[in-house]
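What follows is each chain in one-letter form.
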Amino acid sequence: MHWSADGNAYAAVEQGDIVQTDIRTSRKTSLLSKEKLRRPGSDSVMPVADFAFTPDSANVLIFTNTARVWRYNTRGDYYFINRNTGQIRQVGKGRPMQSLMYAKLSPDGRNVAYVSEHNLFTEDVATGKLTQLTTDGTRKRINGTFDWAYEEEFGCRDGFRWSPDSKQIAYWQVDATHIRDYLMLNTTDSAYSHVVPVEYPKVGESPSPARIGMVSALGGKTNWLNLPGDPQQHYLIRMEWLPKGGSVIVQQLNRKQNESKVFICQATNQAVMPIYTETDKAWIDGKERWNNDDPSGWEWLEGGKSFAWVSEKDGWRHLYRLAIDGKNELLLTPGTYDIESISRIDEAGGQLYFIASPQNTNQRYLYRTRLDGKGKAERITPASLSGTHDYTISPNGRLAQHSFTNYLTPPVREWISLPDHKAVNAPESIESRMKPVAKPNVSFFNLTTDDGVTLDGWMAKPTDFDSTKKYPIVFYVYGEPASSTVNDVFSVGMNRMFLGDMAKAGYIYVALDNRGTPNLKGAAWRKSIYRQIGRTNIRDQAMGARKLFSQHAYIDTSRVAVWGWSGGGSTTLHLLFQHPEIYKTGISIAAVGNQLFYDNIYQERYMGLPQENREDFVAGSPITYAKNLQGNLLYIHGTGDDNVHYDNAEVLINELVKYNKQFQLMSYPNRTHSISEGPGTSVHLRTLYTNYLLKYCPPGPR
């Protein structure tokens, strides 16, 4: 979504055209018809993945012909199109096709900068004159973007920033030359296999050194910031220019990610001034945690004299107002609750909009509070809409795209005015269009284990449920700090992997959220799993299952299954291995079998450094307990998984073979972590999953 300058309209692609919609009137204006979206020498219309207008609106920059880099389509081709004449010109002409990344216009609209083959370029919009800013880029010396680990674990992708005056570019350089490659093997695309190398720092390996430099948009020498600390023991996770230029602000984390420092760095002499330091006994989350996996941008106030800051230092995720010198800070959201994310800073109105849910941590609502710290949090979302809400608020703070769902309601959207939260177009309001689906078999609950830990959960009972009979139960798990499973959304009670309807088949389907999952329950809840992945979360799940069994006689404890993907796959293995007396059948997909095989940023953040506490990594790895397998295991992994490498599968297989533990294995050749590539893959995976569950955890009452 691209907002108009006044914040009352937005531009988007509709049926191939770029169209502007006035939110207040619903009037649509064509900004660029698809008839002008034709490559030179071709009659085919270019699909538009993204676009940007020059400040005078005369030209539009089009992103098309995209290709995936790891998880996202961030590589492709760019074209300039003159809206009046229809003249079209390729950006980066002469560069390899599909090699341009993150092309963006300078603030004055006269130049565009982009990354191609790990080097930075600028190009004059009017003449097409190209200037190469860096020349040392290689697969392992990365300018203007990031390596696999930075992208996956910090959300860092676009690695350069235009200065406000359009004269300079500040950019990251990541040096992965000393990071060993994990060698994936492609055995199916040709008669001879070939190696696919991925620079991947495994846990225990030093981080890829990163540095930030500033270079003239016209080319020349890069001036590197002299930030303190060993680059091999620190991460640079955020960087932006101050609103008036001249300096950049940088956030640095130490390797353990339990110390965060913020620096102001001057462009003229590269002077570095620390302004803010924070420490934690466990870890400190970066902005990607509370900004939809996007760490870019800085929440400036007063033209750069202060900024909004998120911290958990008082035990809750709160918003603060921090002076640019770091000396004065003001708590804006006091109370025993967490914010989830910042929705919009309306400085003109003196308000800060954010998402939180103090009363029910499985739901999400819009709140606002005053920027001067003198107000109380005010809920803006109507009390009548209980569930999960999201908002995209216009730059002027007066309009928002509002989306809503709960476990009974499929996702639905509307445009609203703020702060009154009224539908702009009454016939298109959520209340008039929402279509709740009756789910009498689905309910939320909480239980307290014998350890005194209260867990949230949901349960979907079988259709035509009879409490006098006994039914099999299937647990859906994740259990690690990256995600939670118990949220008030429409997918509750549904199993996308099961071909058919689990309730009609006769299964009880349940999810529990253990300690360590990222619920809005305070830092103590989230960080209690520090150095305890594979233990605290597993005990909570097992104790929760036992408590559930004691409360409901209709659960058939001889038919208990569990399944999960990625971290949930690891949790599945742990439950099957550590508690075979509870879990009889498990389906584990893309699991980390050995924590020492995963990437350093994720695993060291939550587990510490193996050089200091290796025993925790061993105690938290499924392979340690594989010898205890008694039940039925279906293990699934893609051999082309660049995230959780296939070596996790093979070391686990070796352990199971060592102890003569019989199981079923399904390897998907060259499939990534999503196991979605290739014709028929998804249907095959779901069929395999369903048949295994039906066979080893038979459905229906007894």
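Residues numbered from 1 in each chain as written. Predicted model: local features only at pLDDT ≥ 70, side-chain atom pairs only at ≥ 80, totals over all residues. Heavy atoms only, no water.

Going by an unreviewed UniProt entry, the chain carries the name Dipeptidyl-peptidase-4 and comes from Spirosoma endophyticum.

1. Describing the overall build of the chain
A tally of helices and strands in the chain yields 10 helices and 43 strands. Here the C-alpha atoms of the chain give a radius of gyration of 26 Å, agreeing with the 27 Å that 2.2 N^0.38 yields for 702 residues. If you line up the chain on its principal axes, its C-alpha atoms span 75 × 60 × 60 Å. Taken over 702 residues, the chain has a buried fraction of 57%. Pairs at least 24 apart in sequence give 58% of the contacts found in the chain among residues at least 6 apart. Element-wise, carbon and sulfur atoms account for 48% of the exposed surface of the chain, whose accessible area totals about 28,600 Å². Separation of charge centres in the chain, based on 78 positive and 74 negative side chains, amounts to 2 Å. (Helix = DSSP H or I, 4+ residues; strand = E, 2+ residues; numbered from the N terminus. Rg over C-alpha atoms; globule rule 2.2 N^0.38 Å. Buried < 20%, exposed > 50% of the residue type's maximum accessible area, 1.4 Å probe, protein only. Contact = heavy atoms within 4.5 Å. Areas by Shrake-Rupley, 256 points an atom, 1.4 Å probe, with all protein chains shown as cover. Lys, Arg positive; Asp, Glu negative; His and termini not counted. Charge placed at Lys NZ, Arg CZ, Asp CG, Glu CD.)

2. Overview of the environment of Gly544
On the secondary structure map, Gly544 appears in helix H5 (residues 536-551). The class of Gly544 is buried, set by a relative accessible area of 0%. Beyond its immediate sequence surroundings of up to four residues, Gly544 is in contact with Leu447, Thr449, Leu455 and Leu512.

3. Description of the nonpolar core
Counting residues in each nonpolar core, the largest one holds 88 residues, and the members touching the most others are Phe475, Phe577 and Tyr583. Among the domains, domain 2 (133-298) and domain 3 (442-696) are the pair contributing at least three residues each to this core. Once you skip the residues sitting within four places of it in the chain, Tyr583 turns out to touch Phe475, Gln541, Ala542, Ala545, Val560, Val562, Leu575 and Leu576. In terms of nonpolar packing, the next biggest core, distinct from the first, is built from 29 residues, Ala460, Met502, Ala590 and Ile636 among them. (Core = buried A, V, L, I, M, F, W, Y, C linked by side-chain atoms within 4.5 Å. Domains from an automatic or database assignment.)

4. A short note on the state of the cysteines
In the structure shown here, the tally under the stated rule is zero disulfides. Free of any disulfide, Cys265 has its nearest cysteine sulfur in Cys156, 16 Å distant. A relative accessible area of 0% places Cys265 in the buried class. (Disulfide = S-S within 2.5 Å.)

5. Points about the side chain of His402
By the secondary structure assignment, His402 is in strand E33 (residues 399-406). Separated by 3.5 Å, the side chains of His402 and Tyr391 make a polar contact. In this structure the side chain of His402 is engaged in a polar contact, spanning 2.8 Å, whose partner is the side chain of Glu414. Beyond its immediate sequence surroundings of up to four residues, His402 is in contact with Leu385, His389, Asp390, Tyr391, Val412, Arg413, Glu414, Ile416, His421 and Ile430. (Polar contact = N/O pair within 3.5 Å; in protein donor to acceptor, adjacent residues only side chain to side chain.)

6. Description of the packing of aromatic side chains
The way to describe two aromatic rings as a pair is by their centre distance and the angle between their planes. This structure, assessed with the given rule, holds 33 aromatic pairs. Look at Phe475 and Phe549: their rings are 6.4 Å apart centre to centre, the planes differ by 55°, and that puts the pair in the tilted class. Note that Phe475 is positioned in strand E38 (residues 471-476) and Phe549 in helix H5, a separation of 74 residues in sequence. Given the relative accessible area of 0%, Phe475 is considered buried. (Phe/Tyr/Trp six-rings, centres within 6.5 Å; stacked < 30°, edge-to-face > 60°.)

7. Some words on the sheet that holds strand E1 (residues 2-3)
On the basis of which strands lie adjacent, the open sheet formed by four strands has the order E1-E2-E3-E4 and antiparallel pairing. Edge strands, defined here as strands with exactly one partner in the open sheet, are E1 and strand E4 (28-32). Both strand E3 (residues 17-22) and E4 contribute to a ladder of four bridges, which runs antiparallel. Looking at E4, one finds that Val19 is bridged to Ser30. (Pairing = 2+ DSSP bridges.)

8. A short note on the UniProt feature "domain: Dipeptidylpeptidase IV N-terminal" (unreviewed entry) in the chain
The feature "domain: Dipeptidylpeptidase IV N-terminal" (unreviewed entry), as given by UniProt, occupies residues 55-411 in the numbering adopted here. Counted over residues 55-411, helix gives 2% and strand 47%. Its end C-alpha atoms are 35 Å apart. (UniProt positions renumbered as here; feature names shortened; annotations may be inferred.)

9. Regarding unusual backbone geometry
Residue Pro419 follows Leu418 across a cis peptide bond; omega there is 10°. Position of Pro419 among the secondary structure elements: in the loop between strand E34 (409-417) and strand E35 (422-423). Look at Asn670: it is not a glycine, yet its phi comes out positive at around 65°. Looking at where Asn670 falls in the secondary structure, it is placed in the loop between strand E43 (664-668) and helix H10 (681-696).

10. Quick look at a nonpolar patch on the surface
Taken together, the side chains of Leu183, Leu185 and Val195 define a hydrophobic patch exposed on the protein surface, amounting to about 270 Å² of accessible area. In this structure Leu183 comes out as exposed when scored by relative accessible area, which is 52%. (Patch = residues over 30% accessible without salt bridge, like charges linked within 9 Å, V, L, I, M, F, W, Y side chains within 5 Å. Salt bridge = Lys/Arg side-chain N within 4 Å of Asp/Glu carboxyl O.)

11. Describing the pattern of salt bridges
Going through the model one piece at a time under the given rule, you end up with 43 salt bridges. Across the pair Asp451 and Arg539 runs a salt bridge whose closest N-O atoms are separated by 2.7 Å. One end of the pair, Asp451, is in the loop between strand E36 (442-448) and strand E37 (454-460); the other, Arg539, is in helix H5, and 88 residues separate them in sequence. Overall, the relative accessible area of 34% leaves Asp451 in the partly exposed class. Classification of Arg539 by relative accessible area gives partly exposed; the value is 38%. Note that Asp540 and Arg515 form a salt bridge whose closest N and O atoms lie 2.8 Å from each other. Here Asp540 is found in helix H5, whereas its partner Arg515 is found in the loop between strand E39 (508-513) and helix H4 (523-527), with 25 residues between them in sequence. For Arg515, a relative accessible area of 23% corresponds to the partly exposed category.

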